[in-house]
Amino acid sequence: MNSTTAMTTPIISSLTSYYDNLAEQFQVIQEALAPLNLTKWQIVRLLAAQVWRDTSPLLRTTLLVVLAGSLLLLLDTYVIQPYFLSLRRLGVPELKPINGRHPFDYKPMLDEAAKKYPNQPWFFTYSGFELVVLPSAYVEEVRRLGTQTASLVDFLTTVQFGGWKLIGTDDSSSTLHKTASTDLARSVGPLGPVRQQVALDALQAAVGDAPQWKTVNLFWTVLEVVAATGAIGLVGEPLSRDPRWLRAVRTLPILVGIGVYISCFMPRLLRPLVATFSYAPAWLLHKYLAHLLRPTVEQALKDVSVTRKDGSSPEKTTLIHLLLARYKPGELDKTQLIKDVITATFESTPTTAVSLYWMITELVLRPDLVEDLRSELQSVLLPDGTLPPSQLTELAKMDSFMRESARVNTFHYLGLNRILQQDFQFSVGPRLPKGTIICVDQDNIHNSASLYPDPEEFDALRFYQKRKQRGHETRHQYASNGPELLTWGDGPQVCPGRMFATNTIKILLAQLLLNYDLQFPAGTYKPERRSFPNGSSQPDMDVKLMLRKRVVEEK
Ligand code: HEM
C-alpha cells in the first residue's frame with residue numbers, strides 16, 4: 001500500500017461510517033414518524049432542525065458565514081460580474097485561452113484574435129480582471145496616453161501586486177523616471193570599469209575557476225550576476241557587496257511571483273483578502289530591504305551636504321546620489337528615496353536577468369555568432385583588456401543580437417498595460433469606462449512579417465543590417481523604444497532604465513564571451529517559453545548551462 005492510499009483510507013472509512021450513521025438515524029425517524037404520514041422532505045427538515053439545535057453557537061455562526069459567503073461568491077460570479085459589470089454589456093467581444101494549451105499561454109489566443117478582431121478591441125479574463133486588448137494596429141493610440149489618462153503604476157498596483165503599494169512610483173514618480181532615464185543612463189560610462197570588475201567577480205563567485213566544463217543552473221546564476229552588477233550602480237559599495245542585500249534583491253521577485261500565483265486563482269471578491277496574506281512575505285522582505293538600505297541613504301545624505309573648498313561636491317554616481325541631486329526642494333524625504341531605490345532595484349533585476357537568460361540560450365546554439373561577437377569585442381577592447389568607459393554603442397553586432405533576442409523571446413505577450421483613469425474613447429470600440437484595464441497585442445507586433453521579413457527566423461544581425469541604411473544609423477538599437485518593438489513599453493511611461501539595463505547586459509555578455517566557453521549539457525535544447533499568469537516570460541528554472549574558462553593563447 002503506498003502512502004497516499006494509507007492516508008486516504010481512514011478518511012474514506014470515517015466518511016462512510018458518518019453517512020451510515022445519518023442514514024440509520026433517518027430510517028429510525030422515518031419508522032417512528034410513520035403514523036404521521038410525513039413526506040421525505042418534511043422528515044429531512046425535522047432532522048436538519050434537530051442537528052441545528054444540537055450544534056454549538058460558534059459552529060452555527062461559522063456555518064452561516066460560510067453559507068452567506070458562498071452565496072455571495074456565486075451571485076458575484078454568475079450574476080453581478082457577467083450581467084452588470086462585465087465589458088460584455090458594452091458589446092466588447094470576449095475570447096478565452098485556447099483549450100488544451102496552458103491557461104497562461106496567451107499566444108494562440110492572440111493569434112486567433114488577430115484573425116477574428118483585427119480592428120476591434122476584445123477582452124479576456126485573467127485572475128478575475130477583464131483585460132481589454134487593443135489589436136497591434138492600434139499601438140499608436142495607446143502609447144500616446146499619459147499617466148493622467150491611463151496609468152501603468154495603477155495597473156502594477158492593482159493587478160500585479162494585489163493592491164499593495166509595494167513597488168511603483170506614485171505622484172512624485174517623475175523624479176525616479178527622470179533620474180533613471182537621464183542621470184543613471186549617463187553614469188554607465190564612468191561606472192563602466194568598476195561594473196566590469198564587479199561582473200567578473202560575480203561570475204567567478206557563481207562559476208568558480210572551471211578549468212574543465214562546469215555545470216550551473218542557468219537562471220539562478222544569471223540572477224546572481226545581474227543583481228551584483230546592477231547593485232554597484234544603484235546603491236554603491238559597501239551595500240552592493242553585502243550578501244544579505246544581494247540575497248534579498250534576488251528573493252523579492254520570487255516572493256512577488258508567489259503572491260501573483262496565489263491571488264490569481266482566487267475569485268474576484270476574495271482577492272483583496274487573499275492578497276493580504278499572499279503578498280505579505282514580499283511586503284516583509286520590502287521592509288527588510290528598506291532596513292538594509294537606511295544606513296547607506298543616511299550616509300549619502302551626509303555626503304551631499306559636504307562641500308569642498310572649491311565649492312564642488314564629492315563625485316558620486318549611484319542612483320541614490322543621483323536621486324538626491326534631482327529631488328525638488330521640499331520633495332526630499334528619506335522614505336520616498338528608499339522606496340524609489342527599491343522600485344528601481346525590483347524593476348531592474350528580474351527583467352534584466354530574464355532577458356540575459358534568453359540571450360545566452362540563443363548564443364549557446366550559435367558557435368559562429370559567438371566567434372563573430374568575440375571578434376567585435378576584441379576590436380573595441382582597450383590595451384589593458386577592458387571595455388572602454390562608454391555607453392558601449394561600439395558593440396553594434398552585439399546590440400543587434402540583443403534586440404533580435406528581445407524580439408523573438410518576447411518578454412510580454414501583452415504590452416502597454418494601463419488602467420484608464422477616466423472614461424476614454426479609442427478610434428474603435430465603445431467608450432471604455434474609468435477603471436478599465438487596457439493593453440496591446442505586443443506579440444503580433446514582434447512577429448509582424450511587414451515589420452520583420454521572415455519573422456520566425458532568428459537573424460542575429462537583422463538590426464545591424466537595418467542600421468546600415470542611410471538615416472537609420474542610430475535607430476534599431478536594443479535600447480531604442482518605439483511602436484515596432486515594445487520591449488521597454490513606450491510613450492510617456494516607457495521604461496526609464498533601458499540604457500542602464502543595456503549596459504549591464506553588454507558588460508555581462510562581454511565578460512562571459514571573453515572568459516568562458518559555453519555549451520548546454522548533451523541532449524538539452526533551447527528551453528520552452530513559459531508564462532506567468534499575466535503572460536510575461538517565465539524562464540525554465542531547471543535549465544543547466546556548462547561553462548569552461550577560456551585559455552587564450554598569447555600571440
Ligand atoms: C532588460 C531589462 C528591462 C526590461 C525588459 C524592462 C521593461 C519595462 C517595461 C516593459 C516597463 C513598462 C513600460 C510601459 O508600459 O510603457 C518598464 C517600466 C519601468 N522600468 Fe523597466 N525594464 C528593464 C530594466 C529596468 C531597469 C534597469 C530599471 C531601473 C534602473 C527599470 C525601471 C523601470 C521603472 C521605474 C518602470 C516604471 C514602473 C514603475 O514606476 O514602477 N527597468 N520596464
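Procedures and definitions
- Throughout this document, residue positions are counted from 1 along each chain, in the order its sequence is written.
- For a predicted model such as this one, the threshold for reporting local features is a pLDDT of at least 70, and the threshold for listing and counting side-chain atom pairs is 80 or more; totals across whole chains, interfaces and linings nevertheless cover every residue.
- Hydrogens are left out, water is left out, and the side-chain values use all remaining heavy atoms of the structure.
- UniProt positions are given in the numbering used here, feature names are shortened, and annotations may be inferred rather than shown by experiment.
- By definition, any uninterrupted DSSP run of H or I lasting at least four residues is a helix, any uninterrupted run of E lasting at least two residues is a strand, and each is numbered from the N terminus.
- Counted as coordinating are nitrogen, oxygen and sulfur atoms within 2.8 Å of the metal, or 3.2 Å for Na, K and Ca, while water is not included, which may make sites look incomplete.
- Just so you know, the domain bounds were taken from an automatic or database domain assignment.
- For this analysis, residues touch if any pair of their heavy atoms sits within 4.5 Å.
- Buried area is understood as the total, over both parts, of accessible area removed when two parts are fitted together, assessed with a 1.4 Å probe.
- Whenever a carboxyl oxygen of Asp or Glu lies within 4 Å of a side-chain nitrogen of Lys or Arg, that contact is scored as a salt bridge.
- All amino acids are sorted into three groups, where Ala, Val, Leu, Ile, Met, Phe, Trp, Tyr, Cys and Pro are nonpolar, Asp, Glu, Lys and Arg are charged, and the leftover types, Gly among them, are polar.
- On a scale of 0 to 100, pLDDT captures the predictor's confidence in every residue.
- If DSSP finds at least two bridges between two strands, the strands pair.
- Angles here are taken between N-to-C directions and fall from 0 to 180 degrees, while the axes themselves are lines fitted to C-alpha atoms, restricted in helices to the stretch in contact.
- Geometric relationships in this document are graded by angle, where less than 35 degrees denotes roughly parallel, more than 145 denotes roughly antiparallel, 65 to 115 denotes roughly perpendicular, and other angles denote oblique.
- Only protein chains enter the area calculation, which uses a 1.4 Å probe; residues under 20% of their type maximum are buried, those over 50% are exposed, and those in between are partly exposed.
- In what follows, a disulfide is any cysteine sulfur pair within 2.5 Å.
- Classification of ring pairs uses Phe, Tyr and Trp, with its six-membered ring standing for Trp, and accepts pairs whose centres are within 6.5 Å; under 30 degrees between planes counts as stacked, over 60 as edge-to-face, and the remaining range as tilted.

Before going further, it helps to examine the UniProt feature "transmembrane region" (unreviewed entry) in the protein chain. Sequence positions flagged by UniProt for "transmembrane region" (unreviewed entry) are, in local numbering, residues 63-84. In residues 63-84, the share of helix is 100% and the share of strand is 0%. The end C-alpha atoms are 29 Å apart.

A few words now on the coordination of the iron atom of the ligand. Looking at the protein side alone, the iron atom of the ligand has one donor only, C495 (SG), at 2.3 Å. Mapped onto the elements of the fold, C495 is located in the loop between α17 (462-466) and α18 (498-515).

Per the domain assignment, the segments of the protein chain are domain 1 (3-87) and domain 2 (173-549). Put simply, the middle of domain 1 and the middle of domain 2, counted by C-alpha atoms, are 54 Å apart. Contact residues are listed per partner, giving 6 residues for domain 1 and 6 residues for domain 2. Summed over both partners, the interface of domain 1 with domain 2 buries about 470 Å², with 73% contributed by carbon and sulfur atoms. Inspection of the domain 1/domain 2 interface yields 0 salt bridges. Classifying every residue of the side of domain 1 that touches domain 2 by side-chain character gives 4 nonpolar, 1 polar and 1 charged.

Turning next to the confidence of the model for the protein chain. Considering every residue of the protein chain, the mean pLDDT works out to 88; 94% of them sit at 70 or more. Summarising per-element confidence for the protein chain, the mean pLDDT is lowest in helix α1 (residues 3-32) (72) and highest in helix α15 (residues 396-408) (98).

Moving on, we come to the sheet that holds strand β4 (residues 214-217). The 3 strands are arranged β4-β10-β7 in an open sheet whose pairing can be described as antiparallel. Where the open sheet ends on each side, the last strands, each with one partner, are β4 and β7 (516-519). Each strand of the sheet is rotated relative to its neighbour by a mean of 35°, with strand direction disregarded. By the bridge criterion, 4 bridges tie β7 to strand β10 (residues 544-549) in an arrangement that is antiparallel. The residue of β10 that forms the bridge with Y516 is K549. Here α18 sits on the sheet in contact with β7 and β10, set at roughly 95° to β7.

We now examine the packing of helix α13 (residues 334-364) against α15. One way to put it is that α13 packs onto α15 with a least axis distance of 9 Å and a crossing angle of 105°. In terms of orientation, α13 lies roughly perpendicular with respect to α15. The segment α13 lies against α15, with W358, M359, E362 and L363 engaging F401, M402, S405 and V408. For the contact of α13 with α15, the class distribution of residues is 6 nonpolar, 1 polar and 1 charged.

This part is about the environment of F346. Structurally, the position occupied by F346 is in helix α13. The exposure class of F346 is buried, given its relative accessible area of 12%. It is 7.3 Å that separates the C-alpha atoms of F346 and L252, two residues lying 94 residues apart in sequence.

Another aspect to go through is the environment of L323. Relative to the helices and strands, L323 resides in helix α12 (residues 319-326). With relative accessibility at 0%, the residue L323 sits in the buried group. In this structure the C-alpha to C-alpha distance between L323 and V92, which are 231 residues apart in sequence, comes to 43 Å. Apart from residues no more than four positions distant in its own chain, L323 is found in contact with T175, L176, T179, L337, D340 and V341.

Another aspect to go through is the UniProt feature "binding site: heme" (unreviewed entry) in the protein chain. UniProt records the feature "binding site: heme" (unreviewed entry) for C495 in the present numbering. The exposure class assigned to C495 is partly exposed, which follows from its relative accessible area of 27%.

Let's shift gears to the state of the cysteines. This structure, assessed with the given rule, holds 0 disulfides. Not engaged in a disulfide, the cysteine C264 finds its nearest cysteine sulfur in C439; these two sulfurs lie 16 Å apart.

This brings us to the pattern of salt bridges. Applying the stated criterion across every chain yields a total of 24 salt bridges. Connected through shared salt-bridge partners, E371, R374, D517, R548 and R550 make up one network.

Time to look at the pairing of β10. Judged from the 4 bridges that link them, β4 and β10 form a sheet pairing that is antiparallel. Opposite K214, over in β10, you have L547 as the bridge partner.

For the coordinates displayed, the defined rule picks out 13 aromatic pairs. On the numbers, 6.2 Å between centres and 40° between planes, the contact of F104 with F265 is tilted. With a gap of 161 residues between them, F104 in the loop between α3 (57-85) and α4 (107-116) and F265 in the loop between α9 (243-264) and α10 (271-278) connect regions that are remote in the sequence. Since its relative accessible area comes to 8%, F104 is described here as buried. Residue F265 is classed as exposed on the basis of its relative accessible area of 55%. Considering the side-chain rings of Y261 and F532, the 5.9 Å spacing of their centres and the 50° angle between planes classify their relative orientation as tilted. With a gap of 271 residues between them, Y261 in helix α9 and F532 in the loop between β8 (530-531) and β9 (537-538) connect regions that are remote in the sequence. The exposure class assigned to F532 is partly exposed, which follows from its relative accessible area of 23%.

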